[in-house]
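# Observations on chain architecture
What follows is the residue order along each chain.
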Amino acid sequence: MGSLSIWHWLIVLMVVLLLFGTGKVSHLMGDFAKGIKAFKKNMAEDDDASMEASAERPSGSIAGPGVKAGAKEKQQSAAHQG
């Protein structure tokens, strides 16, 4: 009673086919296969393109809470000048 035999799995398969029909199951498996193929394709693409795109963006700094967006740059340029 601990493990399921082949007969149990065959009965489950027959019940699923009776409930959903062969058309829905085949469409479902086709969609599943398309999803796997798309996933594999995206995993196989070069990561260099995404690395180059992220390298082109400026790295900028994030202002702390309560600091206005332009105030930090003004403070840094004043420190460099004087």
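Above this text you will find the structure in question.
This section reports on the structure supplied with the text.

Broken down by element type, the protein carries 3 helices and 0 strands. Start at the N end of the protein and walk to the C end: the helices and strands fall as α-α-α. Burial analysis of the protein (82 residues in total) assigns 0% to the buried set.

With that out of the way, let us pick up helix H1 (residues 6-44). What sets the pattern is the α-helix's 3.6 residues per turn: residues three or four places apart point alike. With 39 residues, H1 extends only 37 Å from end C-alpha to end C-alpha; this falls clearly short of the ideal 57 Å at 1.5 Å per step. Where H1 bends most, the angle comes to about 95°, and this point is glycine 21. Summarising burial for H1: 0 of the 39 residues are buried, a small minority.

The rules behind the values
Residues numbered from 1 in each chain as written. Predicted model: local features only at pLDDT ≥ 70, side-chain atom pairs only at ≥ 80, totals over all residues. Heavy atoms only, no water. Helix = DSSP H or I, 4+ residues; strand = E, 2+ residues; numbered from the N terminus. Buried < 20%, exposed > 50% of the residue type's maximum accessible area, 1.4 Å probe, protein only. Expected span 1.5 Å × (residues − 1). Bend = angle between axes of the 7 residues up to and from the residue.

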